[in-house]
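What follows is the residue order along each chain.
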Amino acid sequence: MALPSGPTRPTLNTAGMVADTQLMSAPASGGRRARDTTPVAEPSEVRPTTPPETLDHLKLYLVLAVLIVPPVAAVVLLLGRLGLLADIAPSTIVLLLLGANLLGTTTLTLFSSPSRAHLNIRSGVGALICTVCIYASGWGPALLSAFLVYQTVNAVTAGPAAYRTAMWWLPAMALCGQLALEWHLAPTLISAPEVHGLAVLSLAGTILTAGFVYRSSTLALEAAEGSVMSERRFRMMVQNTSDIVALVDRDLVVHYISPAAWRVLGLDPGSLEGHPLTARIHPGDLGSARSLVLGVESAPDRTFTQQIRIMDATGGWRWAETTASILPPGPGPESVILSMRDVTDHKAVEAELSDLAFFDPLTGLPNRRWFNDRFAQAAARARRYGSTAAVLFVDLDGFKQINDTHGHHVGDAALREVAARLLGCLRREDCLARFGGDEFLVLVEDLGYPGQTLAIAQRIVEAGATPYILNGLRLEVTASIGIASSSTATTPEDAVRQADLAMYVAKSKGKRCFHVYEPVTSSTTRSAGDGDAP
C-alpha cells in the first residue's frame, strides 16, 4: 500500500472549536459607571405588521393554487368523464381542492412547531382533508394510503414521529369515511358489502406500512444521531487531549495538527500545517520518524512507536513518544495518524534515576556500581591486548575526627575538595569513583611504563600533604593507598578486596603511604616514593 506524497489535504472533518467572545463596555474613571446623558428618542407609533412567515406561507398557497389545483382539477374531471370517479359537479371539485389547499397551508403556518401537540393538529387536519377528498371520489377505503403521503410533509419537521401519529389517525379517518358511506353521505363506486371489507384490508395494510416506515426511519435517525455524536466526541477528544494528534503523508508533511501543539510546543497549529514536520525533528531522530511511516505503510494493521525529539517555540527539544497508525480508508487520500505524547519530564526523571544509580550525589563522582562495570571492561581489554590495569584503594586518614569535631557539613565539604584534588592527580583516561564514606577507588589502565601506577599513587600522597582551608578551618587530610593489579584479580570484587587488604597494610606502617598487594607474601610496603609497581 503506497501513501500519497504531496500537499493533498485529506478530507477529514477536523473543525476546530471556536470560542465566542463577549464585548464588555469599560467603566468610567474612578470605578463608577458613567451616566448616560444621550437623549432618549420618543417612541414612534407602533403599527401592526404581518409576520414574514405568514407572508411566505401565503405566497406558497397562491403558488400551489395556481400551479397544482388547475391540473389536478382537470385530471379529476377527465376521470369523471371516463366514469372512473363519482358523479360530482366540476365547481365542487375546484372548491374542494382550493379549500383543502387553503386549510392545509394555514395549518402548516399556524402549527409549524415540531411539538407533539402541533403534530397532532397537523395530522388531524390532514386526516380530515384526505378523508373528504378520497371518499368524495367514490373510491374511499381504496385510497387510505394517501394519508401517508400527506404525513411525509410532517416528517420534514417532526421526524419519524409523524408516521407514528398516522397510525392513530388512520382508524379514525377510516371509521368516519365508512360511516359516511353507510349513511349515504358520501358516494361510492364499490358495492356495500365489499366496501367495508376493503376498508379493513386497506386500513390494516396502511397501518402496517406506517409502522414499518416509522420503525425504519427511527433506526436511520438513531444511527445518524449516533454517528453525529460519535464524531462530536471524537472531535472534542482530539481538540482537548493533552497529546498532539497530527495527520501527515509519507513525506511527513502536516495536513492537520491538533490544538495541543500550542499547549505542548507553544506553536500555532496553523503555522505547522502544510509544512514538513522534519523541519522540527531533531536530526538524530529523523531516521526514527521516517521508520514510523515506512512501518505503517508496510503493515497497515499495526501501530509503531518511537521516541523522537521535537523543537518547541523556544528552540528547546521536547521528547515525544510518537505512535503511528494508518488513517482508515475514506473519500480522501490515505494518511498517517501520529499521536505524540510529551515525555520530556519522564525522560528527565529517567536521567536523574540513572545518575542516582551510577553516581554519588555528594561528590558527583561515579559510585561503586559504575566502577565495577568499568573494571570488568578494563580487565577484559587487558587480557585481550596483554596489558595491565590497576586499582588504587584510597582511604583518608583521620577523617572521622573532622566529622566529630566540626560536623558532617564540614566533612561533606571536605570530601568534595578531596575529590577535586584527587582528580587533579590523575590522567585524563583514569577513572575516579567514590567507594563510600571516606574511601575512593582509582582505575588506571593503558599503563605507558613500569611504575606508572606508583607515580600516580605518590602524587595522591603528596597532594594530601597540603592542608585544606574550608571556611577559615585548616584541615589536615592525608591518604593511605592500597594497590592491586588485574594480573592478580579478574573480577571487580577481587580487585577491591586485594587493594583494601593492601591499604590496611599501608595504614599499619604509619599511614600516608601506599602498599602494593602481592599474592604470595603481601608484605611489600612503601612510603611515598618507594618501590616498584605495575
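Refer to the structure above for everything that follows.
An account of the accompanying structure is given in this report. Everything quoted here is computed from the prediction, not taken from an experiment.

About the criteria used
- Residue positions are given per chain, counting from 1 as you read along its sequence in written order.
- Residues qualify for local features only when their pLDDT is at least 70, as the model is predicted, and side-chain atom pairs are given and counted only at 80 or more; totals for whole chains, interfaces and linings, by contrast, use all residues.
- The side-chain quantities take in all heavy atoms of the structure and omit both hydrogens and water.
- In this description a helix means any DSSP run of H or I spanning at least four residues, a strand means any run of E spanning at least two, and both kinds are numbered starting from the N terminus.
- Every residue pair with non-hydrogen atoms within 4.5 Å of one another is taken to be in contact.
- The Shrake-Rupley method, run with a 1.4 Å probe sphere, supplies the accessible areas, and residue values consider only the shown protein chains as cover.
- Only strands that DSSP links by at least two bridges are regarded as paired with each other.
- Angular values range over 0 to 180 degrees, each being the angle between N-to-C directions of two axes fitted as lines to C-alpha atoms, with helices fitted over their stretch in contact.
- Pairing of aromatic side chains here covers Phe, Tyr and the six-membered ring of Trp, requires ring centres within 6.5 Å, and sorts the geometry by plane angle: under 30 degrees stacked, over 60 edge-to-face, intermediate tilted.
- We count a charge as sitting over a ring when the NZ of a lysine or the CZ of an arginine lies within 6 Å of the ring centre and within 35 degrees of the ring normal.
- Expected span of a helix: the number of residues minus one, times 1.5 Å.
- In these notes, a set of buried Ala, Val, Leu, Ile, Met, Phe, Trp, Tyr and Cys residues joined through side-chain atoms within 4.5 Å is what counts as a nonpolar core.
- Exposure categories follow from relative accessible area, calculated using a 1.4 Å probe and restricted to protein chains: below 20% of the type maximum is buried, above 50% is exposed, and the middle band is partly exposed.
- Patch membership requires more than 30% relative accessible area and the absence of a salt bridge. Residues of like charge join within 9 Å; the nonpolar side chains Val, Leu, Ile, Met, Phe, Trp and Tyr join within 5 Å.
- A carboxyl oxygen of Asp or Glu within 4 Å of a side-chain nitrogen of Lys or Arg is what we treat as a salt bridge.
- Throughout this description, any angle smaller than 35 degrees is read as roughly parallel, any larger than 145 degrees as roughly antiparallel, any in the 65 to 115 degree range as roughly perpendicular, and the remainder as oblique.
- Classification convention: Asp, Glu, Lys, Arg as charged; Ala, Val, Leu, Ile, Met, Phe, Trp, Tyr, Cys, Pro as nonpolar; all other residues, Gly among them, as polar.
- The definition of a polar contact used here is a pair of N or O atoms within 3.5 Å, where within protein one atom must be able to donate a hydrogen and the other to accept one, and adjacent residues in sequence count solely through side-chain atom pairs.

**Section: the overall build of the protein**
Okay, so step 1: Of regular secondary structure, the protein possesses 16 helices and 13 strands.
Okay, so step 2: Taking the contacts inside the protein whose residues are at least 6 apart along the sequence as the reference set, 60% of them involve residues at least 24 apart.
Okay, so step 3: In the form shown here, the protein has an accessible surface area of approximately 30200 Å², with 60% of it arising from carbon and sulfur atoms.

**As for the sheet that holds strand 3 (residues 304-311)**
Okay, so step 1: Across the sheet, five strands lie side by side as 2-1-5-4-3; this open sheet has antiparallel pairing. This sheet does not close on itself; its edge strands, each paired only once, are strand 2 (254-257) and strand 3. Mean inter-strand twist for the sheet, computed between neighbouring axes without regard to direction, equals 30°.
Okay, so step 2: Taken together, the five bridges between strand 1 (residues 244-248) and strand 5 (residues 336-342) define a ladder with antiparallel strand orientation. Counted as the bridge partner of A246 is L338 from strand 5.
Okay, so step 3: Against the sheet, helix 10 (residues 286-298) engages strand 3, strand 4 (317-326) and strand 5, with an angle of about 145° to strand 3.

**Quick notes on the packing of aromatic side chains**
Okay, so step 1: Counted by the stated rule, this structure contains one aromatic pair.
Okay, so step 2: Above the ring of F435, the side-chain terminus of R368 is found at 4.0 Å from the ring centroid.
Okay, so step 3: The positively charged end of R421 is found above the aromatic ring belonging to Y468, 3.6 Å away from the centroid.

**As for helix 4 (residues 116-136)**
Okay, so step 1: If you check helix 4, its first and last C-alpha atoms are 30 Å apart, about what 21 residues at 1.5 Å a residue would give, namely 30 Å.
Okay, so step 2: Of the residues flanking the end of helix 4, it is G138, one or two places downstream, whose phi is positive at about 95°.

**Thoughts on the nonpolar core**
Okay, so step 1: One finds L392, F440, I460 and I481 to be the most contacted residues of the largest nonpolar core, which totals 34 residues.
Okay, so step 2: Looking at this core, the elements that each hand over two or more residues are strand 6 (390-397), helix 13 (399-406), helix 14 (408-424), strand 8 (439-444), helix 15 (452-463), strand 9 (468-470), strand 11 (478-485) and strand 12 (513-516).
Okay, so step 3: Broken down by element, the residue count for this core peaks at seven residues, all from helix 14.
Okay, so step 4: In this view, I460 contacts L392, V394, L422, C425, L426, V442, A479 and I481; residues no more than four positions away in its chain are not counted.
Okay, so step 5: Within the second largest apolar cluster, 27 residues are counted, among which are A260, L265, A320 and I326.

**Examining a nonpolar patch on the surface**
Okay, so step 1: Together, L175, L179, W183 and L185 give the surface a local cluster of nonpolar side chains, amounting to about 460 Å² of exposed area.
Okay, so step 2: Within the fold, L175 resides in helix 6 (residues 161-182).
Okay, so step 3: Assessed through its relative accessible area of 52%, L175 is described here as exposed.

**Observations concerning the packing of helix 13 against helix 14**
Okay, so step 1: In the contact formed by helix 13 and helix 14, the axes pass within 6 Å of each other and the chain directions differ by 140°. For the element pair helix 13 / helix 14, the angle class is oblique. Residue-level inspection shows F399, I402, N403 and H406 of helix 13 in contact with helix 14, the latter providing H408, H409, V410, G411, A414 and L415.
Okay, so step 2: Taken together, the residues of the contact of helix 13 with helix 14 break down into five nonpolar, five polar and no charged.

**Here's the deal with helix 10**
Okay, so step 1: Between its terminal C-alpha atoms helix 10 stretches 19 Å, which fits the 18 Å expected from 13 residues at 1.5 Å a residue.
Okay, so step 2: Those residues of helix 10 that sit buried are A289, L292, V293, G295, V296 and E297.
Okay, so step 3: Summarising the contacts, the buried residues of helix 10 are in contact with strand 3, strand 4 and strand 5.

**A look at unusual backbone geometry**
Okay, so step 1: A positive phi angle, near 55°, is found at N471, a position not held by glycine.
Okay, so step 2: Structurally, N471 can be placed in the loop between strand 9 and strand 10 (473-475).
Okay, so step 3: The backbone phi angle of K511 is positive, close to 65°, even though this residue is not glycine.
Okay, so step 4: Along the chain, K511 turns up in the loop between helix 16 (492-508) and strand 12.
Okay, so step 5: Accessibility expressed as a relative area gives 42% for K511, which makes it partly exposed.

**Quick word on the pattern of salt bridges**
Okay, so step 1: Within the structure shown, the criterion is met by 13 salt bridges.
Okay, so step 2: A salt bridge links R309 to D285, with the nearest nitrogen and oxygen atoms 2.8 Å apart. Of the two residues, R309 sits in strand 3 while D285 sits in the loop between helix 9 (269-272) and helix 10, which places them 24 residues apart along the sequence.
Okay, so step 3: Assessed through its relative accessible area of 22%, R309 is described here as partly exposed.
Okay, so step 4: For D494, the salt bridge goes to R497, with nearest N and O atoms at 3.9 Å. A residue pair is termed a helical-turn pair when its members lie 3 or 4 positions apart in one helix, as D494 and R497 do in helix 16 at three residues.
Okay, so step 5: Using a relative accessible area of 27% as the deciding quantity, one classes D494 as partly exposed.

**What about the side chain of R427?**
Okay, so step 1: Its place among the elements puts R427 in the loop between helix 14 and strand 7 (431-436).
Okay, so step 2: At a separation of 3.2 Å, a polar atom in the side chain of R427 contacts the side chain of E429.
Okay, so step 3: At a separation of 2.6 Å, a polar atom in the side chain of R427 contacts the main-chain carbonyl oxygen of E445.
Okay, so step 4: Beyond its immediate sequence surroundings of up to four residues, R427 is in contact with V444, E445, D446, L447, Q452 and I456.

**Brief notes about the environment of R374**
Okay, so step 1: The topology assignment puts R374 in helix 12 (residues 368-385).
Okay, so step 2: Take R374: its relative accessible area is 23%, and that puts it in the partly exposed class.
Okay, so step 3: For R374 and P492, which are 118 residues apart along the polypeptide, the C-alpha to C-alpha distance reads 8.8 Å.
Okay, so step 4: Apart from residues lying up to four places away in sequence, R374 is in contact with C431, L443 and E445.

**Considerations on the environment of Q307**
Okay, so step 1: Mapped onto the elements of the fold, Q307 is located in strand 3.
Okay, so step 2: The spacing of Q307 and V343 is 36 residues in sequence and 8.7 Å in space, taken between C-alpha atoms.
Okay, so step 3: If we ignore the near neighbours within four places in the chain, the residues touching Q307 are D285, W319, A320, E321, V343 and K347.
Okay, so step 4: Within the local environment of Q307, its side chain forms a polar contact with the side chain of K347, the two groups lying 3.2 Å apart.

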